[in-house]
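Chain and residue survey
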Amino acid sequence: MSILYNIPKIVFKTRNHCFSKQNLLLMPINDVESSENPEVRSFMELIYNRNPNELEFIQAVQEVAEVVIPFLEDHREYKQAKILESICEPERVFSFRIPWIRDSGEYMINRGYRIQMNSATGPYKGGLRFHPSLNYSVLKFLAFEQVFKNSLTNMNLGAAKGGSDFDPKNKSDREIMGFCQSFITALFPMIGPEMDIPAGDIGVGPREIGFMFGQYKRLLRRFNGVITGKGSSYGGSLMRPEATGYGNVYFAKEMLDYHDETLKGKKCLISGSGNVSLYTAEKLLENDAKVVSLSDSDGTVHIPDGLTGEMLEFVKDLKFNRRGRIHEFAEKFDLEHKDEEKPWGIPCDAAFPCATQNEITGNDAEILLNNGCRLISEGANMPCTSEASRLFREKGILYGIGKAANAGGVTVSGLEMTQNAIGYTWTKEAVDKLLRENMKKIHQQCCKYGEVNGKVDYIKGANIAGFVQVARAMLAQGHV
Ligand code: NDP
């Protein structure tokens, strides 16, 4: 489909030339398809004209506009108050310099950001990403998605996202600490437990969270719950590391359960081998599914007989402790490593994209569908291009979008905030129970707004359900 906005056909080859192969592998040539709906087209023209070159953001807005604009026909009050237009405009954006020094003595400068997108439903909440491909458009799409996701959790959380173009790979612990301290020193005035509560994302795990929390506490001279994803010895919630991956599988189970199916015996592809991927894998194994791939930005490991518990423990240690590469896993267990390939060519029943945005292109989607894939559950944020998304939707497969399927992470972050506020720690079992219940409720909301003739359109359901909650709050609080 061609672009109908007053811009040339968008072919994004952005940024690929700037970075090494880690970005070449998953960053597709993207193409935002224009809408069939004239109202959506004119809305998107406005978005494009206000945000030219913010291609990921435009893509994310279009997905929402396609389903929310028709919904507004029966909800004129939201239309009149221009709620959707407001949601597309961040409340506040910060960009700042992060100076730090390499072990070699070299002076370094990176760029930091925080986008405080929407506070209608609670204090700003959303992760920090450290990745060299990070830029304003990527962060703005992430912050935008967070509005709907946090609203779906029903936990009084506003939405934000932040991070830096810093690359944590091949840095010493001392360099990481120096960078994190400098980053949080710059971000310090903008965050606080009732103001803005960051968490992790790509490149920001327990090590980085610990260093940032330590520096924040040192500057504030008080101990509070400003960051979630903390270690359990200093206020972190049990189950937060597992939450996004486990929640992803709980959501997939709900989608299957709706059709009286289970995960048992299903061949599942997983992309990535980070936090979300490995806890998705763990929960899939618990449900007797067969995990046949893991990957990283160097390539994919094919596991034809299925991942075992022993293999998973090896990969966890490799990735979380030794910070190694996925080909080392292939070498250890004599498995095939497909250099610079994504997992989507391996036949499967279900796919769990858990690495990064736009990692499934239209071409990948066709291959997945032709090979028999009937379920997609997005651990990553916006892992499907708009073309891939359209193909899955048209085919009518179970397609759980990230706003719903990966909301488990922010759910347990919300629970961590509550535990910090009341000064109490819940057991792993208690947190897991609340997580499961919340993923079920999110699925129910998707059904409420997305069910058509016994099938659930999760794009429609998740986006409208997320929109309604924020829209109500915004309308009640006046034009601010
Ligand atoms: P991690 O940093 O722990 O892992 C990311 C994984 O994805 C790594 O295996 C990494 O490979 C791979 N990856 C990242 N970028 C690229 C790229 N451009 N090309 C190829 N591979 C890539 O991150 P998380 O697991 O925390 O996050 C993964 C996804 O889940 C993101 O989209 C994030 O926004 C989303 N998410 C995360 C949540 C959380 O709680 N952590 C919550 C909700 C969503 P390599 O190491 O080689 O770079």
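The structure this text deals with has already been given above.
What comes next is a walk through the structure. Computed from a prediction, not measured in an experiment: that's the story for all the values here.

1. Brief notes about the pattern of salt bridges
- A complete count under the given rule lists 31 salt bridges for this structure.
- Linking Lys428 and Glu242 is a salt bridge whose minimum nitrogen-to-oxygen distance equals 3.5 Å. In this pair, Lys428 is assigned in helix α17 (residues 428-450) and Glu242 in helix α9 (residues 240-257), connecting sequence segments 186 residues apart.
- Overall, Lys428 belongs to the partly exposed group, its relative accessible area being 38%.
- Overall, the relative accessible area of 10% leaves Glu242 in the buried class.
- Residue Asp432 is joined to Arg436 by a salt bridge in which the shortest nitrogen-to-oxygen separation is 3.8 Å. You can see Asp432 and its partner Arg436 sitting in helix α17, 4 residues apart, about one turn around the helix.
- When its relative accessible area of 13% is taken as the criterion, Asp432 is described as buried.

2. Description of the sheet that holds strand β3 (residues 124-130)
- Read across the sheet, 5 strands follow the order β1-β2-β4-β3-β5 without closing on themselves; strand pairing throughout is mixed. Two strands in the sheet have a free side with no partner beyond their single neighbour: β1 (92-101) and β5 (196-199). Strand-to-strand twist across the sheet, computed as the mean angle between neighbouring axes with direction ignored, equals 20°.
- As paired strands, strand β2 (residues 107-118) and strand β4 (residues 159-164) are joined by 6 bridges and run antiparallel to one another. The residue bridging Asn118 from the neighbouring strand is Ala159, located in β4.

3. Describing helix α14 (residues 386-395)
- Among all positions of α14, only Ser386, Ala388, Ser389, Leu391 and Phe392 are buried.
- On its buried face, α14 is in contact with α3 (55-72), α13 (362-370), β11 (375-377), β12 (398-400) and α18 (458-476).
- Remark: Gly396 follows α14 within two positions and exhibits a positive phi of approximately 75°.

4. A look at the sheet that holds β12
- Here we have 7 strands laid out as an open sheet, ordered β9-β8-β7-β6-β10-β11-β12, and mixed in their pairing. The open sheet has two free edges, formed respectively by β9 (336-339) and β12, since each of these has just one partner strand. Neighbour-to-neighbour, the strand axes of the sheet open up by a mean angle of 15°, direction not taken into account.
- Taken together, the 3 bridges between β11 and β12 define a ladder with parallel strand orientation. Bridging across to β12, Leu375 finds its partner in Leu398.
- Of the strands in this sheet, β10 (350-352), β11 and β12 are in contact with α9, which crosses β11 at around 150°.
- Against the sheet, helix α10 (residues 275-286) makes contact with β6 (267-270), β7 (290-296) and β10, and its axis sits at roughly 170° relative to β6, the strand it touches most.

5. Some thoughts on the nonpolar core
- Formed by 119 residues in total, the largest nonpolar core has its most connected members in Phe144, Phe329, Phe352, Leu368, Phe392 and Phe467.
- In this structure Phe144 touches Phe57, Ala60, Val61, Val64, Ile87, Cys88 and Met117, once residues within four positions along its chain are discounted.

6. Structural notes on the pairing of β6
- Here 3 bridges tie β6 to β7, and the two strands are oriented parallel to one another. Counted as the bridge partner of Lys267 is Lys290 from β7.
- Taking the sense of rotation as the criterion, the β-α-β connection linking β6, α10 and β7 turns out right-handed.
- Relative to β10, β6 runs parallel, the two sharing 3 bridges. In the strand pairing of β10, Cys268 is matched with Ala350.

7. Focus: helix α6 (residues 136-153)
- Helix length check: α6, at 18 residues, gives a terminal C-alpha distance of 26 Å against a target of 26 Å (1.5 Å per residue), a fit within 8%.
- Taken across its 18 residues, α6 has 17 buried, putting it largely inside the fold.
- Looking at where α6 begins, the residue whose side-chain oxygen comes 3.0 Å from the main-chain nitrogen of Ser137 is Asn135.

8. Some points on the packing of aromatic side chains
- In total, this model carries 24 aromatic pairs according to the counting rule given.
- Ring centres of Phe71 and Phe467 lie 6.5 Å apart, and the angle between their planes is 85°; this geometry places the pair in the edge-to-face category. Placement of the pair is Phe71 in helix α3 and Phe467 in helix α18, with a sequence separation of 396 residues. This pair shows no difference in class: Phe71 is buried, exactly as Phe467 is.
- Ring geometry for Trp100 versus Phe179: centroids 6.1 Å apart, planes at 85°, classification edge-to-face. Of this pair, Trp100 sits in strand β1 while Phe179 sits in helix α7 (residues 173-187); the two residues are 79 residues apart in sequence, bridging distant segments of the chain. The exposure classification of Trp100 matches that of Phe179, with both residues buried.
- A network of ring pairs unites the aromatic residues Phe96, Trp100, Phe130, Phe166, Phe179 and Phe183 as a single cluster.
- Sitting above the plane of the Phe57 ring, Lys140 keeps its charged end 4.5 Å from the centroid.

9. With respect to the environment of Asn37
- Relative to the elements of secondary structure, Asn37 occurs in the loop between α1 (21-26) and α2 (38-50).
- Classification of Asn37 by relative accessible area gives partly exposed; the value is 24%.
- Sequence-wise, Asn37 and Ser172 are 135 residues apart; in three dimensions their C-alpha atoms are separated by 52 Å.
- A polar atom in the side chain of Asn37 sits 2.8 Å from the backbone nitrogen of Glu39.

What counts, and at which threshold
- Residues numbered from 1 in each chain as written.
- Predicted model: local features only at pLDDT ≥ 70, side-chain atom pairs only at ≥ 80, totals over all residues.
- Heavy atoms only, no water.
- Salt bridge = Lys/Arg side-chain N within 4 Å of Asp/Glu carboxyl O.
- Helix = DSSP H or I, 4+ residues; strand = E, 2+ residues; numbered from the N terminus.
- Buried < 20%, exposed > 50% of the residue type's maximum accessible area, 1.4 Å probe, protein only.
- Pairing = 2+ DSSP bridges.
- Axes fitted to C-alpha atoms, helices over the stretch in contact; angles between N-to-C directions.
- Contact = heavy atoms within 4.5 Å.
- Core = buried A, V, L, I, M, F, W, Y, C linked by side-chain atoms within 4.5 Å.
- Right-handed = clockwise from strand over helix to strand, strands pointing away.
- Expected span 1.5 Å × (residues − 1).
- Polar contact = N/O pair within 3.5 Å; in protein donor to acceptor, adjacent residues only side chain to side chain.
- Phe/Tyr/Trp six-rings, centres within 6.5 Å; stacked < 30°, edge-to-face > 60°.
- Lys NZ or Arg CZ within 6 Å of the ring centre and 35° of its normal.

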